[in-house]
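For reference, the chains in residue letters:
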Amino acid sequence: MFICMSCQDNTEKTTTEICEFRGIRYDNRYKTVVISTEHENHDYIVPMTETKYEQFVADIAKAMNEHNLIYINNGVIFRCRKGEIHNSEPQNLTISW
């Protein structure tokens with residue numbers, strides 16, 4: 001499955017990317033979601049509450065059964081080097097196709 005999302009880099013430039021989705025996890029220490037893709041040198045970081053994360057995972061799982069490309073909307077996704085954390089207000093991402 002592929003994901004299409006608008007990402008902000010460390011210079012605050014926003015670009016749209018399409019990546020192969022590899023996985024997602026919640027980092028409870030930093031209250032962030034880490035989205036993994038085929039890019040080996042960076043991750044996509046999204047500040048989010050744990051409750052919103054659980055809903056986001058359910059939405060992704062549902063979309064994975066029916067779609068090859070999903071869009072992640074309505075929030076800021078930070079493209080960071082592996083291991084880097086970016087703090088911001090919690091996001092409320094949505095999934096569409």
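Let us look at the structure shown here. (Residues numbered from 1 in each chain as written. Predicted model: local features only at pLDDT ≥ 70, side-chain atom pairs only at ≥ 80, totals over all residues. Heavy atoms only, no water.)

The tally for this structure, following the rule as stated, stands at one aromatic pair. Ring centres of Y26 and Y53 lie 5.1 Å apart, and the angle between their planes is 35°; this geometry places the pair in the tilted category. Separated by 27 residues along the polypeptide, Y26 in strand β2 (residues 14–27) and Y53 in helix α1 (residues 50–64) bring together distant segments of the chain. There is no split in this pair, since Y26 and Y53 are both buried. (Phe/Tyr/Trp six-rings, centres within 6.5 Å; stacked < 30°, edge-to-face > 60°. Helix = DSSP H or I, 4+ residues; strand = E, 2+ residues; numbered from the N terminus. Buried < 20%, exposed > 50% of the residue type's maximum accessible area, 1.4 Å probe, protein only.)

Another point: the nonpolar core. By size, the foremost hydrophobic cluster in this structure holds 20 residues, and its most contacted members are I3, M5, I35, F56, I72 and I77. Among the secondary structure elements, those contributing two or more residues to this core are β1 (2–8), β2, β3 (32–37), β4 (42–47), α1 and β5 (69–81). Sort the elements by how many residues they give to this core and α1 lands first, with four residues. Those residues in contact with I77, other than ones at most four positions away along the chain, are M5, S6, C7, Q8, Y44, I45, V46, I72 and L93. (Core = buried A, V, L, I, M, F, W, Y, C linked by side-chain atoms within 4.5 Å. Contact = heavy atoms within 4.5 Å.)

All right, on to the pattern of salt bridges then. For the structure on display, the rule yields four salt bridges. Between E20 and R22 there is a salt bridge, with its nearest N and O atoms 3.5 Å apart. When its relative accessible area of 53% is taken as the criterion, R22 is described as exposed. Residue D43 is joined to K82 by a salt bridge in which the shortest nitrogen-to-oxygen separation is 3.0 Å. One end of the pair, D43, is in strand β4; the other, K82, is in the loop between β5 and β6 (94–96), and 39 residues separate them in sequence. Ionic contacts of the salt-bridge type, sharing partners, join the residues D9, E17 and R79 into one network. (Salt bridge = Lys/Arg side-chain N within 4 Å of Asp/Glu carboxyl O.)

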